[in-house]
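The primary structure of each chain is shown beneath.
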Amino acid sequence: MKNSSLGLIEVNGYGTAISAADEALKAAAVKILRLEPTIGAAGSLGVTLFISGDVAAVKAAISAAQNKAEKLNTVSSVKVIPNLDEKVKSGMYKGSLDF
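Computed from a prediction, not measured in an experiment: that's the story for all the values here.

### Focus: the confidence of the model for the protein chain
The pLDDT averaged across the protein chain works out to 86; a share of 86% of its residues lies at or above 70. Here helix α3 (residues 86–91) is the element of the protein chain with the lowest mean pLDDT, 76, and helix α2 (residues 55–70) is the one with the highest, 95.

Written as structure tokens, this is what we have:
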């Protein structure tokens, strides 16, 4: 699997993030890089799911994750970055994301 793309989906709630990650992994050959919790508006827990893989796999995985999270009305944002530049990869979290 060539891990050249990055997919991001931000949802509300850790349980939703786990469900979205499960759907993503079932939908395509991708790797979950991390789940990053953040405190959002009014103290709500936002969680960003980082996914890597080839472009088509990341798109399929993000779509599946988004469909699952939308059933719970918890999607804040979705983004797929095809062919992520190596400089961006190396700068994210000081290299802690293993693409």
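### What to know about the environment of Ala61
Here Ala61 shows up in helix α2. The exposure class assigned to Ala61 is buried, which follows from its relative accessible area of 0%. With 41 residues separating them along the chain, Ala61 and Ala20 place their C-alpha atoms 9.1 Å apart. Once you skip the residues sitting within four places of it in the chain, Ala61 turns out to touch Ala24, Ala27, Ala28, Val30 and Ile51.

Cut-off values and rules
- Residues numbered from 1 in each chain as written.
- Predicted model: local features only at pLDDT ≥ 70, side-chain atom pairs only at ≥ 80, totals over all residues.
- Heavy atoms only, no water.
- pLDDT = per-residue confidence, 0-100.
- Helix = DSSP H or I, 4+ residues; strand = E, 2+ residues; numbered from the N terminus.
- Buried < 20%, exposed > 50% of the residue type's maximum accessible area, 1.4 Å probe, protein only.
- Contact = heavy atoms within 4.5 Å.

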